[in-house]
Amino acid sequence: MNFDGQYMLEVFPTLLKYLPLTLVMAVVAMIFAIAIGLVLALITKNRVPVLHQLANVYISFFRATPTLVQLFLIYYGLPQLFPSFSALNALTAAIIGLSIKNSAYLAEIFRAALGSVDNGQLEACLAVGMTKAQAYRRIILPQATRNAIPASGNTFIGLVKETSLAFTLGVAELFAQGKMMASASLKFFEIYLAVAIVYWALTIVYSLLQEWLEKRLSKPYKN
């Protein structure tokens, strides 16, 4: 068996240097995806004329097309249509692409979470003099947030793994560095196993944080 365990252990420090960039990409993309997804969910939930149809097209398109295709469309395609986008760097393009893709999935998650809150609560808020915006901010959204966390967490885990596609645009993140090291050393199994372990560890840490958050948010609802 031609497996160099010692070499695999030695590459971890080098790989971990590129972990912050991967995390920054994932966190920033998730923040934008949440903001866009929430707006889309509110539009589709309330069936806002015209915007409702446009939102459905947006969600359908970005859920149906591969992430890699979307990244190429943004980084290579947009500059052909709009010359001003020629100054767009690879990192920004990757974040934009990942944000747009995941916002489509989050929009459906948020719409379902909003729908899980009984409509009678909105009617009760309006009956006591609250505006619709106040009702959503104070009553509906807090409950919907609690319901959306598990599925949103799964989306974030998927987003962390999707950051590996940024290497196709030239972003030197965790997977890209692993690929370059494997090509240089020809120790492909050791390098890619080390990369897989780093992603696995990230997923475990985030899963523990999400579990803690879910328990914390569920305390007011326990008897």
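Residues numbered from 1 in each chain as written. Predicted model: local features only at pLDDT ≥ 70, side-chain atom pairs only at ≥ 80, totals over all residues. Heavy atoms only, no water.

1. Considerations on the overall build of the protein chain
Condition: Each helix corresponds to a stretch of at least 4 residues labelled H or I by DSSP, and each strand to a stretch of at least 2 residues labelled E; elements are numbered beginning at the N terminus. Between buried and exposed lies partly exposed: a residue is buried under 20% and exposed over 50% of the maximum accessible area for its type, with that area taken using a 1.4 Å probe on protein chains only. Residue contacts follow a heavy-atom distance rule, with two residues in contact if any of their heavy atoms lie within 4.5 Å. Accessibility throughout is a Shrake-Rupley quantity obtained with a 1.4 Å probe, and a residue counts as covered only by protein chains that appear here. Asp and Glu are treated as the negative residues and Lys and Arg as the positive ones, with His and the ends of the chain left uncounted. By convention, charge coordinates are those of NZ in Lys, CZ in Arg, CG in Asp, or CD in Glu.
The helix and strand tally for the protein chain stands at 9 helices and 0 strands. Its helices and strands taken in sequence order, the protein chain reads α-α-α-α-α-α-α-α-α from the N to the C terminus. Considering only C-alpha atoms, the protein chain reaches an extent of 70 × 55 × 25 Å along its principal axes. Scored against the burial criterion, the 223 residues of the protein chain give a buried share of 37%. Counting only contacts in the protein chain whose residues sit at least 6 apart along the sequence, the fraction spanning at least 24 positions is 75%. Of the accessible surface of the protein chain, which amounts to about 12600 Å², a share of 67% is contributed by carbon and sulfur atoms. The averaged location of the 10 negative side-chain charges in the protein chain is 10 Å from the averaged location of its 17 positive side-chain charges.

2. A closer look at the layout of surface pockets
For clarity, the cut-off: A pocket, in this scheme, is an open set of points on a 1 Å grid over the protein atoms alone with protein on both sides within 12 Å along at least 5 of 7 lines, while a cavity is a set where a 1.4 Å probe fits but cannot get out; residues line either one if an atom lies within 4 Å of a point. Grid points are joined across faces, edges and corners, and a volume is the space filled by probe spheres set on the points. Basically, the charged four are Asp, Glu, Lys and Arg, the nonpolar ten are Ala, Val, Leu, Ile, Met, Phe, Trp, Tyr, Cys and Pro, and anything else, Gly included, counts as polar.
Considered as a void within the structure, the largest pocket measures approximately 470 Å³ in volume. Secondary structure elements with two or more residues in the lining of the largest pocket: α2 (19-46), α5 (90-115), α7 (132-162) and α9 (188-218). A total of 8 residues in the lining of the largest pocket trace back to one element, the largest contributor, which is α7. Empty space within the second largest pocket amounts to approximately 170 Å³. L23, V27, F156, I157, V160, A201, L202, T203, V205, Y206 and L209 are the residues that line the second largest pocket. Among the elements that take part in the lining of the second largest pocket, α9 stands out by supplying 6 residues, more than any other. Considering only residue class, the lining of the second largest pocket consists of 10 nonpolar, 1 polar and no charged.

3. Remarks on the UniProt feature "transmembrane region" (unreviewed entry) in the protein chain
Rules: UniProt positions are given in the numbering used here, feature names are shortened, and annotations may be inferred rather than shown by experiment.
What UniProt calls "transmembrane region" (unreviewed entry) maps, in this numbering, to residues 20-43, 55-75, 81-100 and 189-209. Spanning residues 81-100, this segment combines 60% helix with 0% strand, and its end C-alpha atoms are found 19 Å apart.

4. Observations regarding the packing of helix α1 (residues 5-16) against α9
Under the convention used in this document: Helix axes are fitted to C-alpha atoms over the stretch in contact, other axes to C-alpha atoms as well, and angles between N-to-C directions run from 0 to 180 degrees. Angular relationships are summarised with four words: roughly parallel below 35 degrees, roughly antiparallel beyond 145, roughly perpendicular across 65 to 115, and oblique for the angles in between. Here is the rule for handedness: rotate from the far helix to the near one, and if that takes an anticlockwise turn smaller than a right angle the crossing is left-handed, while a clockwise turn gives right-handed.
Running from N to C, α1 and α9 point in directions that differ by 55°, and their axes come no closer than 9 Å. On the basis of the axis angle, α1 is oblique to α9. Here α1 runs over α9; the crossing is right-handed. Residue-level contacts link Y7, M8, V11, F12, L15 and L16 of α1 to E190, I191, L193, A194, V195, I197 and V198 of α9. For the contact of α1 with α9, the residue count by class is 12 nonpolar, no polar and 1 charged.

5. A short note on the nonpolar core
In plain terms, the rule: Definition of nonpolar core: a set of buried residues of the types Ala, Val, Leu, Ile, Met, Phe, Trp, Tyr and Cys, connected through side-chain atoms within 4.5 Å.
Core analysis: the biggest nonpolar cluster contains 51 residues, and V11, L15, M25 and I191 have the highest contact counts within it. Residue assignment for this core shows that the elements contributing at least two residues are α1, α2, α4 (67-81), α5, α6 (119-127), α7, α8 (174-185) and α9. Ranked by residues supplied to this core, first place goes to α5 with 12 residues. If we skip the residues at most four places from it in the chain, I191 touches Y7, V11, L15, G178, M181, A182 and S185. In this structure, L40, A55, I59 and A107 belong to the second largest nonpolar core, which totals 5 residues.

6. Here we look at α6
This is how the line gets drawn: What qualifies as a polar contact is a pair of N or O atoms within 3.5 Å, subject to a donor-acceptor requirement within protein and to the restriction that residues adjacent in sequence count only when both atoms come from side chains.
For α6, the capping residue at the N-terminal end is D118, with a side-chain oxygen 2.7 Å from the backbone nitrogen of G120. Immediately beyond the C-terminal end of α6, within one or two residues, lies G129, with a positive phi of roughly 105°.

7. Details of the UniProt feature "domain: ABC transmembrane type-1" (unreviewed entry) in the protein chain
The UniProt record annotates "domain: ABC transmembrane type-1" (unreviewed entry) at residues 19-210. Counting secondary structure, residues 19-210 comes out at 82% helix and 0% strand; the distance between its end C-alpha atoms is 20 Å.

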